[in-house]
Each structure stands twice: as structure tokens, then as C-alpha cells.
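Fold and contact review
Chain residues, written in single-letter form:
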Amino acid sequence: MKRTLGIGLAAVLLVGVVTAVVLGQDEDEPARLRTVRGVTGSEKLAFFADQRVKDVFAKHGLEVRVDPAGSRQIATATDLGPYDFAFPSSAPAAEKIQRDRKAARTYAPFSSPMVVATFDPIVDLLTKAGVVKPGPGYPTFDVRAYLDLAAKGTRWDQLPGNTSYPARKNLLVTTTDPRDSNSAAMYLAITSFVANGGVVSSPDGEAKVLPAVSKLFLDQGYTQSSTEGPFEDYLSAGMGKTPLVLAYEAQFADRVVRGDSTIRPDMKLLYPAPTVLSKHTLVPLREAGDEVGRLLSGDAELGRLAATFGFRTADPRHFADVVEEKNLTVPQTVVDVVEPPAHETLERMLEAIAKQY
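The residue count restarts for each chain, going from 1 along the sequence in the order it is written. Two thresholds apply to this predicted model, a pLDDT of at least 70 for residue-level local features and 80 or more for giving and counting side-chain atom pairs, whereas whole-chain, interface and lining totals are computed over all residues. The basis for every side-chain value is the complete set of non-hydrogen atoms in the structure, without hydrogens or water.

For the protein chain, the name recorded in an unreviewed UniProt entry is Extracellular solute-binding protein, with Lentzea xinjiangensis as its organism.

Here you go:
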């Protein structure tokens, strides 16, 4: 009888010890998370680094770690072997990765239209010159009218009645280097569409537009490799250095949402007519990457957080809520949007421009 009681008591004590150990682990040690690795455009690094975003992924048992690379680099030069997903900033780059890796699907949780960041005096000048026009609730930058002025080598001081910005330099949009940057590729997509009268889809179309679109890059002189470079010049150096800067809408919106004092009342966004969307497209390379894509596309909390970084999201309500809350002067819907050329066509044109440097 005593032996039976002793065994029973030992069993109870053992259960108590095990329970205490387990409870102690729950209280003192975080749950073990599954690490998921991705390679992404640098403009999304701040989003993935945000603790709120990390916490949402952790709720789903994931720790997402990302390395930065340019969208073209991800598609053509990056060793994707170590990664669970690739997340370039353009649909053509994602299309190539999906084809090369035979990925079953892609996700496009974020997008950002390309815009021209400028200043009130420049808007007035270009309105008189017929380049800036009233659009469907927002001002547009008429790409056809701009190309006509650029083809003539028009200088700012040659615009009639120009007393606010009589600079003796060509009227050009400042972009990044077409040899390195996705935003420059998006600019090429816009300008080549207008110069060709539609999406460039053949070698004949490439030959037709290259003389005109090449000058838009080459006549700028030195260009920076990252979109942050010219946008920072726009914010800090102002109209004197960069009167017109190609940017992602998200760059401007993100600053406004954060209450950044570098965004001043005289700074304005113009929407190219037509423009293209920079579609941040995730290509799953393994099952864990597919889970990240599903969460970014469908999780409401991640969607709201993405909108606070200036991204338009798969559910438009998230961006609309941020716009309303922060009194952002951006359109709810951008109407005049065209598709970029296929990846191979875009790359051939970019390489042809690069050879002229």
C-alpha cells in the first residue's frame, strides 16, 4: 500500500515539474518562429523592418528576413537559391523570374504609380506651355507635349513669359540611371509607349522609339543609381537643382504620412498621362514564400501597415483610409495607366541606351 502511494506521489510530482518547466518556457522564451528569406527592392526594406510588421508575421509563426537588390538585378543576376521568395518592384521582372523558376503563381500586394514631383512655379510654367493639364480630379503631365519640347532641346529660359525659373538648362525630367534602376525602366516604359503610339512589342518598334527616348536619359548627364537619390535632391536642394523628378507616389505619400517636415506646401505631384504602375510582385520560390505572398495579399493588418508606407494595396480601402486620415492630396484612382513592355523588350531597349553612355 505504501509502495503504491509512493509511486502515485512520484507521478504527481513529475507531472508538476514538467508542467512548471513548460509554463516557464512559455513565459520566458518566445515561440520558435520559422525563418523565411526573401530578396526585395530597397523601397520595401523599411516596411519589412517595421516592428509592427514583424509582429504580424510572428502571429503566423514566421520571421521574415529580406536582402535588398534592384528589380533588374533580382531578375537577371541574383542567385535566388538561398531565398524563399523574390519581390521585385516591377511586373516584367517578376514575369521573368516566374518563367525561369517555373513558379506556379505570383502575388501583387502593393503598387505605386510613377509620378513627377515638382513645385508650384513649375506647374504654372508648364501649364502655360501645355504640358500640365487638368485631369480627372488631379493634374496630369502630358507626356506627348513633354516629348515634343524635349525633342527640340527646349531650355527652361526659352519658355514664353518665364520669369520664375529662367534656368539655362534643358527642360527634362530627372530620372535614375537606366543601367541600374527600376524607376528608370518604368520611365522608359511610359515614354516608349507614347513615342510608339502603344506598347513596344517588336524590334521595329524598338528601333522607332530609341532615338527619341535615349536622349531623355543621355541629355541629363550624370544620373544616380537609386530612386532615393534624386528624390532626396528634390527634398533638400529644391527647385534650383531638380525642378522635375520622376518618383514613386509611395515615396511622397510615405513622407506625408510620417509628418516629415521636408514636404512643403509648394511641393506638388503630377501624374504622367499615361503613367505605369510599379507593381511590387512577389514570386514564391518555396512554400514558405508562398505563405508570405498570401499574407501580404490577404491579411488586413499587413495591408493597413503597407498603406502607411505609401503603397496602394490589393484592398484599396486601406490606402483610401490613410489618404482620408492624413489629408493626402493624391487621387483615389489613377485613370490613365498603361502596361510596360515585356521583360525582354524592355531589357533590349535599356541595353541599347546603356551602350550610348
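This is not the end of the story, as more comes after the structure.
1. Re the confidence of the model for the protein chain
Stated formally: Each residue gets a pLDDT score, which is the predictor's confidence in that residue and runs from 0 to 100. The contact definition used throughout considers only heavy atoms, calling two residues in contact when any of these lie within 4.5 Å.
Residues at a pLDDT of 70 or more form 91% of the protein chain, whose mean pLDDT is 90. Under a pLDDT of 50 for its full length, residues 1-25 has, in the predicted model, one contact with residues more than four places off or in other chains.

2. Things to note about the pairing of strand E7 (residues 245-248)
What counts is decided by this rule: Between buried and exposed lies partly exposed: a residue is buried under 20% and exposed over 50% of the maximum accessible area for its type, with that area taken using a 1.4 Å probe on protein chains only. Secondary structure elements are defined from DSSP: runs of H or I of at least 4 residues count as helices, runs of E of at least 2 residues count as strands, and each element is numbered from the N terminus. The rule for pairing is simple: two strands pair if DSSP sees at least two bridges between them.
Both faces of E7 are covered, namely the face carrying Val245 and Ala247 and the face carrying Leu246 and Tyr248. With four bridges joining them, strand E4 (residues 107-119) and E7 adopt antiparallel strand pairing. What sits directly across from Ala117, in E7, is Val245.

3. Notes on the packing of aromatic side chains
What describes a pair of aromatic rings is the distance from one ring centre to the other and the angle between the planes of the rings. Here is the rule we go by: Paired rings are identified among Phe, Tyr and Trp, the last through its six-membered ring, by centres lying within 6.5 Å, and are further divided according to the angle between planes into stacked (under 30 degrees), edge-to-face (over 60) and tilted (the rest). To sit over a ring, a charge needs its Lys NZ or Arg CZ within 6 Å of the ring centre and within 35 degrees of the ring normal.
Per the counting criterion, the structure on display carries 14 aromatic pairs. A ring pair is formed by Phe47 and Phe309, whose centres lie 5.8 Å apart and whose planes are at 85°; its orientation type is edge-to-face. Within this pair, whereas Phe47 is found in helix H2 (residues 45-49), its partner Phe309 is found in the loop between helix H13 (300-308) and strand E10 (312-313), the two being separated by 262 residues in sequence. Taken together, the aromatic side chains of Phe47, Phe48, Phe57, Phe85, Phe87, Phe110, Phe309 and Phe311 make up a single cluster linked through ring pairs. Above the plane of the ring of Tyr357 lies Arg179, whose end atom (NZ or CZ) is 3.9 Å from the centre.

4. A word on the packing of helix H7 (residues 143-151) against helix H8 (residues 182-196)
In plain terms, the rule: Helix axes use the C-alpha atoms of the stretch in contact, all axes being lines fitted to C-alpha atoms, and the angles between their N-to-C directions lie in the range 0 to 180 degrees. Should an angle lie under 35 degrees it is considered roughly parallel, over 145 roughly antiparallel, and from 65 to 115 roughly perpendicular; all remaining angles are considered oblique. Gly is placed with the polar residues, together with every amino acid not listed as nonpolar (Ala, Val, Leu, Ile, Met, Phe, Trp, Tyr, Cys and Pro) or charged (Asp, Glu, Lys and Arg).
Contact pair H7 / H8: the axes reach a minimum separation of 10 Å and the direction vectors enclose 85°. With respect to each other, H7 and H8 are oriented roughly perpendicular. Between H7 and H8, the contacting residues are Val143, Arg144, Tyr146 and Leu147 on the first element and Tyr187, Ile190, Thr191, Val194 and Ala195 on the second. Its residues assigned to classes, the contact of H7 with H8 comprises seven nonpolar, one polar and one charged.

5. Observations regarding the packing of H8 against helix H9 (residues 203-218)
Definition in use: Crossing handedness is defined as follows: a turn of the near helix away from the far one that is anticlockwise and smaller than a right angle gives a left-handed crossing, while the clockwise case is right-handed.
Contact geometry of H8 with H9 gives a least axis separation of 9 Å together with a crossing angle of 125°. What the angle tells us is that H8 and H9 run oblique. H8 and H9 meet at a crossing whose hand is right-handed. Here H8 contributes Ala184, Tyr187, Leu188, Thr191, Ser192, Ala195 and Asn196 to the contact with H9, which in turn contributes Gly205, Lys208, Val209, Val213, Leu216 and Phe217.

6. A word on the domain arrangement of the protein chain
What counts, and what does not: Reported domain spans reflect what an automatic or database domain assignment gives. Buried area is understood as the total, over both parts, of accessible area removed when two parts are fitted together, assessed with a 1.4 Å probe. What counts as a salt bridge is simple: a side-chain nitrogen of Lys or Arg found within 4 Å of a carboxyl oxygen of Asp or Glu. Under this definition, polar contacts are N or O atom pairs within 3.5 Å; protein pairs additionally need one hydrogen-donor-capable and one acceptor-capable atom, and for neighbouring residues in sequence, both atoms have to be side-chain atoms.
Taken domain by domain, the protein chain holds domain 1 (2-109 + 280-326) and domain 2 (113-276 + 334-354). For domain 1 versus domain 2, the separation of C-alpha centres amounts to 34 Å. Each side of the interface is counted separately: domain 1 has 19 residues, and domain 2 has 23 residues. When the two sides are added together, the surface that domain 1 and domain 2 hide from each other amounts to roughly 1600 Å², 56% of it contributed by carbon and sulfur. It is Arg72, Pro92 and Arg312 in domain 1 that bury the most area against domain 2; as a group they hold 39% of the surface buried on that side. Applying the counting criterion to the domain 1 and domain 2 interface returns three salt bridges. The tally of links between domain 1 and domain 2 comes to six residue pairs in polar contact (both at pLDDT 80 or more).

7. As for the environment of Leu149
Its location among the elements puts Leu149 in helix H7. Looking at Leu149, the relative accessible area reads 15%, which means it is buried. Taking the C-alpha atoms as reference points, Leu149 and Lys241, separated by 92 residues in sequence, lie 20 Å from one another. Setting aside residues no more than four positions away along its own chain, Leu149 makes contact with Val131, Thr154 and Leu171.

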